[in-house]
Amino acid sequence: MKRKWNDAHGETLVEVLASVLICSLSVALLFSMVMASGNMDQSAKKAEKDFSESLNLAEAQTAPADSALIPPGVTVEVQNSGEPSSAKELPVVFYGGRGALSYALP
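Every value quoted in this text rests on a predicted model; they were computed, and no experiment measured them. (Residues numbered from 1 in each chain as written. Predicted model: local features only at pLDDT ≥ 70, side-chain atom pairs only at ≥ 80, totals over all residues. Heavy atoms only, no water.)

## Section: the pattern of salt bridges
Thought 1: Taken as a whole, this structure holds two salt bridges when the rule is applied.
Thought 2: The shortest N-O distance in the salt bridge between D41 and K45 comes to 3.4 Å. Note that D41 and K45 are positioned in helix α2 (residues 13-60) at a spacing of four residues, about one turn of the helix.
Thought 3: In this structure D41 comes out as partly exposed when scored by relative accessible area, which is 38%. (Salt bridge = Lys/Arg side-chain N within 4 Å of Asp/Glu carboxyl O. Helix = DSSP H or I, 4+ residues; strand = E, 2+ residues; numbered from the N terminus. Buried < 20%, exposed > 50% of the residue type's maximum accessible area, 1.4 Å probe, protein only.)

In structure tokens form, the structure reads like this:
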């Protein structure tokens, strides 16, 4: 190591350029990872917000669900386990949004 300090030869231009290239690639990779992390965070926050709003609507049962989510004329069949002839079909109303759905009998 002491010999390196006393050596009249320095670092070559190729060595300096290679180290600059390695450093710049490292910084570029770090920057792209930070940007990807930010994008994932934003999409997760949006999904959480949408789910929370839908869940609140579904729990409150105040606003009917989007008609595109539910096919028209949906019914629930209620049947006594011992008697197949006792089946009744009841209409169902869905509440909520894309993130969560709830239903109630009108």
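Having seen it, we continue.
## Details of the confidence of the model for the protein chain
Reading fine detail from the predicted coordinates is not recommended where pLDDT is low.
Thought 1: Across the protein chain, the average pLDDT comes to 79, with 74% of residues at or above 70.
Thought 2: No element of the protein chain has a lower mean pLDDT than helix α1 (residues 2-6), at 62, and none a higher one than α2, at 89. (pLDDT = per-residue confidence, 0-100.)

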